[in-house]
Structure formats: structure tokens, C-alpha cells
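Structural features, examined
What follows is the residue order along each chain.
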Amino acid sequence: MDSYQYTPSALFADPVYDKPFGWDAIPSDFKDDISSTSYPSPVSMLDTLVSNPVPDQEETAPMPTSPGQETQSPHSPPNETMISISTVFNPYACSPDSDLLFISSDSVLFYVHSRVLKRTSSTSPPFHRLLRNHPSGSVLDAPPSPVPTTPDRSGHSDKLIAIPDHSSVLNIILHSLYGTSPAQHSPIVDMLIAAVDRMPFYDIKPKDYIVPHSPLYTLILSHAPVSPLKVYTLAGHHDLRELAVATSSHLLYYPLAELPENMAIRMGTIYLHKLMHLHMVRFRALKEILLAPPNPHAPTKYCSFEEQRGVTRAWALVAAYLAWEARADLSPHSMHSAFQPLMKDIICESCLESLQMRLKDAVTRWATVQRSIEN
């Protein structure tokens with residue numbers, strides 16, 4: 001422990017200062033200094049702060065407001081709206097030569113580079129229709145010019161391109177175009193699905209960006225163990241084959257008889273058929289594997305054919321139970337555990353050896369059965 005001990009200041013120990021502290025206690029010469037000194041007003045300070053990025057969990061510090069409601073600072077004058085800037089797509093965090101300025105439906109600014117949009121597609125770049133129909137003319141055909149950091153205060157509001165989606169959705173879409181991951185914002189699976197579903201509206205093909213090892217593919221796939229049906233339905237709807245294949249193994253537990261109709265329609269007939277075929281293949285393979293009983297051995301003095309039939313009947317009983325309660329996600333360990341009690345009551349070493357060999361073969365074959373849809 002440090003031997004230092006706090007000692008109260010002599011200022012407070014002096015009885016002269018043992019009285020309430022207020023304006024009367026301030027020396028007159030210090031009052032004159034305060035009165036003669038000029039300080040920036042809260043409004044002028046707000047003007048400077050508004051143009052800087054606002055750090056927060058996702059993209060904007062203010063909470064989303066209802067339509068038509070403005071977000072204002074407690075110190076701002078009436079009718080002055082608080083402006084939020086993306087914590088990632090802003091001139092301070094990325095390259096300052098951004099020449100496009102998007103504003104989301106919840107009034108968050110995104111500074112974007114037209115060269116990034118052009119290089120992603122040789123025919124129709126992302127946001128092609130919105131940029132073509134901009135009031136100031138075709139933005140993509142115009143020479144690139146940096147967007148000012150305070151467009152609303154510099155008379156450049158005409159450069160704003162309105163995006164009819166929430167900043168969380170736009171953030172995910174822009175991350176996919178830039179090849180970066182939005183994982184730092186921890187988007188939930190429903191938000192990821194909403195962003196992917198909105199991609200075609202902005203002339204973006206999900207198949208071109210959600211590919212194996214891409215940031216967005218990896219992030220969506222990380223939700224497959226918890227929300228496999230949502231992820232698989234998304235993959236089927238947009239024909240994302242690799243994502244559907246990787247997700248299908250997490251749906252082995254799911255009873256397809258309880259599949260909601262709207263999900264079946266959304267994933268489409270092709271991917272619904274693939275999923276049903278996967279379950280049927282595993283059910284059929286399980287029955288074939290369990291059908292054959294252990295091989296009998298030559299009768300001995302202590303174990304006749306009649307006694308060996310008892311082992312066969314016990315195997316058939318357990319096999320019938322597993323086939324009746326068949327689950328496509330039955331693990332090899334569960335299969336082995338179901339037959340394990342049979343070995344406790346077997347006295348004949350030959351019967352025990354035959355049963356162990358048969359069980360080992362069944363477990364091995366079951367472990368090699370197809371676990372995902374075919375690509």
C-alpha cells in the first residue's frame with residue numbers, strides 16, 4: 001500500500017473561508033475579469049460540433065424519431081435540426097475525397113466514393129437509378145468533386161442524395177460494397193436480412209457480394225446456428241447456394257412438417273425440395289443401416305442358435321425405436337448409446353464381439369451420410 005495520506009487543503013482549514021460560498025465571496029477584481037471576457041455562445045459551439053462525427057453504437061447518436069419529428073440539442077435555437085454523420089463513412093474516418101453524399105431516412109449522412117460504386121459493376125453500378133434521377137443530373141457521369149464536410153451549412157444541400165432506408169440498413173449495404181464488415185455494429189439477423197432484401201432496389205445483386213469468405217457472408221453465416229431457418233430462407237430467396245449449403249446442416253433438427261407456409265414460399269420450390277430431399281436421404285439411410293442384425297456365429301456348447309436369436313431380437317427392438325423416433329440430426333454418439341445397454345447382459349464372448357463389430361459399422365456408416373444439401 002502507498003504510504004501517501006490525503007491532507008485537506010489549508011484553504012478549507014482556514015476559518016476565514018468557513019462560510020457559504022457564493023457570488024459575494026468572489027473578489028471584485030475577479031468579477032470584473034469575468035464580465036470583460038467574451039466566450040463563444042452555445043449556438044456557435046453547436047455549429048462546430050454538428051459537422052463532426054457523432055460516436056455511438058451503430059451509426060447515429062440520436063435515437064430514431066417518429067416521422068416529422070426533429071431531433072434538437074437542448075442548447076440549440078428553435079427549428080435547428082441535429083445532424084448525425086456515419087461513424088464509418090465520413091471524411092474523417094475514411095478517404096477525404098468522397099464525392100457522393102447519402103442521407104438515410106433517419107437523417108444520417110454517409111460520405112461515399114463514386115469510384116467504389118463504378119468498380120463494383122461494369123454495366124449498372126449500385127444506386128444507378130437514384131443517381132440518374134437526381135435533380136442535379138447524372139451524378140456518376142459528372143467529374144468527381146469532393147463533398148464539403150458541412151453541406152447543409154455551405155449551400156450544398158442539392159448534393160444530398162436521399163436514401164429511403166434506415167441508416168442501419170444503408171450501413172450494411174455500403175459495407176458490402178466497400179468489402180468491409182459491419183460486425184463492429186453487432187447487427188441482428190433481422191437487420192442483415194432486411195439489408196440484403198433491399199439490395200435489388202439499389203441495383204445490387206446479393207449473389208455478387210454474399211460469396212464465401214466475404215465479410216457479409218461470414219457475418220450472416222455466424223447467425224446460422226441460432227437462426228438457421230431465417231438464414232436458409234434468405235439464401236433460398238436470393239439463390240445464395242453456398243450460404244444455403246453451409247446453413248442446411250443446422251436444419252437437420254427442424255421438423256419440416258412444422259415449416260411455416262410463408263417461409264416455404266419465400267425460400268422457393270428449389271431450396272424447399274433440396275431441404276426435404278436431405279431429410280429423406282438421412283431417414284432412408286438410417287433405416288438401411290439399422291436393418292441388418294449382428295452376424296451369428298457357429299453354435300457352441302454354451303450358446304446355441306436359439307440363444308443368439310435373443311441378441312437379434314434385442315437389436316431389432318432398439319433399431320425399431322430409433323427408426324420410429326427418427327431424427328435427421330441423430331448423432332453417431334446417440335446411436336452408440338442406444339445400443340450400449342445390450343452389451344451388459346450378453347455372456348457369450350462371440351455374441352458380444354459380433355454385436356460390437358455390427359455397432360461400430362453402423363456408427364461409422366451413419367457418420368458418413370450426407371449432412372447438407374447438394375450444391
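Residues numbered from 1 in each chain as written. Predicted model: local features only at pLDDT ≥ 70, side-chain atom pairs only at ≥ 80, totals over all residues. Heavy atoms only, no water.

The name an unreviewed UniProt entry gives the protein is BTB domain-containing protein, with Leucocoprinus birnbaumii as the organism.

**Some thoughts on the overall build of the protein**
Note the threshold: Elements are defined by DSSP. Helices are runs of H or I of four residues or more, strands are runs of E of two residues or more, and each kind is numbered from the N terminus. Here the term buried applies to any residue with accessible area under 20% of the maximum for its type, exposed to any over 50%, and partly exposed to those in between, with areas from a 1.4 Å probe on protein chains only. Contacts between residues were defined by any pair of non-hydrogen atoms, one from each residue, lying within 4.5 Å. The Shrake-Rupley method, run with a 1.4 Å probe, gives the accessible areas here. Residue values count only the displayed protein chains as cover.
For the protein, the count of helices and strands is 15 helices and 4 strands. Taking all 375 residues of the protein together, the buried fraction comes to 38%. Expressed as a percentage of contacts within the protein between residues at least 6 apart in sequence, the contacts between residues at least 24 apart total 68%. In the structure as shown, the protein presents an accessible area of about 22100 Å², 58% of it carried by carbon and sulfur atoms.

**With respect to the pattern of salt bridges**
Just so we agree on the cut-off: A pair is scored as a salt bridge if a Lys or Arg side-chain nitrogen falls within 4 Å of a carboxyl oxygen belonging to Asp or Glu.
Throughout the structure, instances matching the rule amount to 10 salt bridges. Between Asp165 and Arg198 there is a salt bridge, with its nearest N and O atoms 2.8 Å apart. Note that Asp165 is positioned in the loop between β4 (160–162) and α6 (167–178) and Arg198 in helix α7 (residues 189–198), a separation of 33 residues in sequence. Residue classification places Arg198 among the partly exposed positions, given a relative accessible area of 25%.

**Some remarks on the confidence of the model for the protein**
Convention followed: By definition, pLDDT measures how confident the predictor is in each residue, and it falls between 0 and 100.
Per-chain confidence: the protein averages 78 in pLDDT, with 69% of residues scoring 70 or above. Taken together, the stretch residues 1–23 has pLDDT below 50 and engages in 3 contacts with residues farther than four places along the chain or on a different chain. A low-confidence stretch, residues 33–74 (pLDDT under 50), is modelled with 67 contacts involving residues beyond four sequence positions or located in other chains.

**A few points about α6**
Heads up, the rule is: To estimate the expected span of a helix, count its residues, drop one, and scale the result by 1.5 Å.
Across its 12 residues, α6 extends 16 Å between first and last C-alpha, which sits within 8% of the 16 Å expected from 1.5 Å per residue. The set of residues buried in α6 consists of Ser167, Ser168, Val169, Leu170, Asn171, Ile172, Ile173, Leu174, His175, Ser176 and Leu177. Considering only its buried residues, α6 is in contact with β2 (100–103), β3 (108–112), α4 (114–119), α7, α8 (206–209) and α9 (215–221). Positive phi appears at Gly179, one or two residues downstream of α6, with a value of about 75°.

**Considering the sheet that holds β4**
The strands making up a sheet associate through backbone hydrogen bonding, with each pair oriented either parallel or antiparallel. As a reminder, the rule being used: Two strands qualify as a pair provided DSSP detects at least 2 bridges between them. The axes used here are C-alpha line fits, helices contributing only the stretch in contact, and every angle between their N-to-C directions lies in the interval 0 to 180 degrees.
Taken in spatial order, the 4 strands make up an open sheet running β1-β3-β2-β4, and their pairing is mixed. Edge positions in the sheet fall to β1 (84–85) and β4, since each of these pairs with one other strand and no more. Here β2 runs beside β3; their pairing, made up of 4 bridges, is antiparallel. Looking across to β3, one finds that Leu101 is bridged to Tyr111. Contacting β2 and β3, α6 crosses the sheet at an angle of about 10° to β3.

**Quick word on the nonpolar core**
Worth spelling out the cut-off: Residues enter a nonpolar core if they are buried and are Ala, Val, Leu, Ile, Met, Phe, Trp, Tyr or Cys, with the set joined through side-chain atoms within 4.5 Å.
By size, the foremost hydrophobic cluster in this structure holds 53 residues, and its most contacted members are Phe102, Phe127, Leu174 and Ile220. Listing elements by their share of this core, those giving two or more residues are β2, β3, α6, α7, α9, α10 (228–237), α11 (241–248) and α12 (261–291). In terms of nonpolar packing, the next biggest core, distinct from the first, is built from 24 residues, Ala319, Leu322, Phe339 and Val369 among them.

**Regarding unusual backbone geometry**
Positive phi, normally seen in glycine, also occurs at His213, with a value near 75°. You can see His213 is positioned in the loop between α8 and α9. At Asp239, a residue that is not glycine, the phi angle is positive and equals roughly 55°. Take Asp239: it is sitting in the loop between α10 and α11.

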